[in-house]
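Fold and contact review
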Amino acid sequence: MKMQIVNKYILKSKALALISFLFVMLFSSCEDVVNLDLETGEVKIVVDAEIIWKKGTTGNEQVIKISKTAPYYNNTVPKVSGAQVRIENTTGDVFTFNETEPGTYVCTNFVPVINMDYMLYVQAEGQSFKASEKLTSVTPIDKVEQKMVPDFGGEDVIELTFYYKDPADQVNYYLTDYKSEFLLFPEYELTDDDLFNGNVVSTRFSDEDKMKPGNTVVITHRGISKNFYNYMNLILEVYGGSPFSIPPGNIRGNIVNTNNPNNFALGYFRLCEGDTVSYLVK
């Protein structure tokens, strides 16, 4: 049975949207200067904490990045240095993340255990944050196939399909990303198994304009928790709208400020088992 995709979104860079907008304005009026006055929100700490245990590896090296939000037109992301970062599991093991460069914290002795609960602790710029999550398993990618299919205009384009067997005895949620030299940013696909529980799943990917023979497409397929699935669903919906729209409020993850709950950090602490396949397009 082929998978029915429940949610599929592509994260588009707001910078690309802005460039496209300015390009149109340039040709519509070569003499007018367009200045967009965009609102600047409250500066918040951003914790990029994905613990991913890729199949075939020990999973001992993990990276957490900490930064701050910046105005729309900033060319750089402010890094947060000097933070204290650690993860603890339910058996009392402590895994310390040391800063290797500004805003980047690395652990080299992490021990991933499927279905184990982990707690993240971060102290940064006088604030204390914590979050908890369970490490979620993923079923491996069985194979990747390539074929030519017609696009909406009737022209043949390259399509990749990868297959995996969804477990029948559990409810599963997945996040897949695709990376390649022809993509400026990864493309993401978010799915659950509500319509295909226990079946062999086929998931398709194509790029009618850019994917060519000789390209390498890296597919990373993750098992994720229901809560992270719901969080990513909101994130992808926001990025799928107008880049000039102002969201009604910050989307809260699971990272709590223990000093001031209202001053929460952006981001989501998640632990995923992942399977990665590199496919050479023929």
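What you are looking at is a predicted structure, and each value in this text was computed from that prediction instead of being measured.

Re the environment of Phe205
Along the polypeptide, Phe205 turns up in strand β14 (residues 200-206). Assessed through its relative accessible area of 2%, Phe205 is described here as buried. For Phe205 and Ile219, which are 14 residues apart along the polypeptide, the C-alpha to C-alpha distance reads 9.8 Å. Non-local contacts of Phe205, meaning those with residues more than four positions away in its chain, are made with Ile158, Glu159, Leu160, Tyr178, Phe182, Leu183, Glu187, Met211 and Val217.

A short note on the sheet that holds strand β11 (residues 156-165)
Through backbone hydrogen bonds, the strands of a sheet pair up, either in parallel or in antiparallel fashion. Spatially, the three strands line up as an open sheet ordered β10-β11-β14, and their pairing is antiparallel. Both outer strands of the open sheet, β10 (143-150) and β14, are each paired with one neighbouring strand and no more. Each strand of the sheet is rotated relative to its neighbour by a mean of 30 degrees, with strand direction disregarded. By the bridge criterion, eight bridges tie β10 to β11 in an arrangement that is antiparallel. Paired with Lys143 across the bridge in β11 is Tyr163.

Some words on the pairing of strand β5 (residues 84-89)
Residues of β5 alternate between two faces, with Val85, Ile87 and Asn89 buried on one and Gln84, Arg86 and Glu88 left unburied on the opposite face. As defined by bridge partners, β5 adjoins strand β8 (residues 117-124) across six bridges and the pair is classed as antiparallel. Paired with Val85 across the bridge in β8 is Val122. As paired strands, β5 and strand β6 (residues 94-101) are joined by four bridges and run antiparallel to one another. Bridged to Glu88 within β6 is Val94.

Structural notes on the pattern of salt bridges
Where charged atoms of side chains with opposite charge meet at close range, the side chains can pair. Counted under the stated rule, the structure contains nine salt bridges. With a shortest N-O distance of 3.5 Å, Arg270 and Asp48 are connected by a salt bridge. With Arg270 in strand β17 (residues 270-280) and Asp48 in strand β2 (residues 45-48), this pair connects stretches of sequence that are 222 residues apart. For Arg270, a relative accessible area of 14% translates into the label buried. Taking the relative accessible area as the measure of exposure, Asp48 reaches 38% and is therefore partly exposed. Across the pair Arg86 and Glu88 runs a salt bridge, and its minimum N-O distance is 2.9 Å. Classification of Arg86 as partly exposed rests on a relative accessible area of 33%. We classify Glu88 as partly exposed; its relative accessible area is 23%. Among the charged side chains, a network of salt bridges with common partners joins Glu50, Asp177 and Arg222.

Rules behind the numbers
- Residues numbered from 1 in each chain as written.
- Predicted model: local features only at pLDDT ≥ 70, side-chain atom pairs only at ≥ 80, totals over all residues.
- Heavy atoms only, no water.
- Helix = DSSP H or I, 4+ residues; strand = E, 2+ residues; numbered from the N terminus.
- Buried < 20%, exposed > 50% of the residue type's maximum accessible area, 1.4 Å probe, protein only.
- Contact = heavy atoms within 4.5 Å.
- Pairing = 2+ DSSP bridges.
- Axes fitted to C-alpha atoms, helices over the stretch in contact; angles between N-to-C directions.
- Salt bridge = Lys/Arg side-chain N within 4 Å of Asp/Glu carboxyl O.

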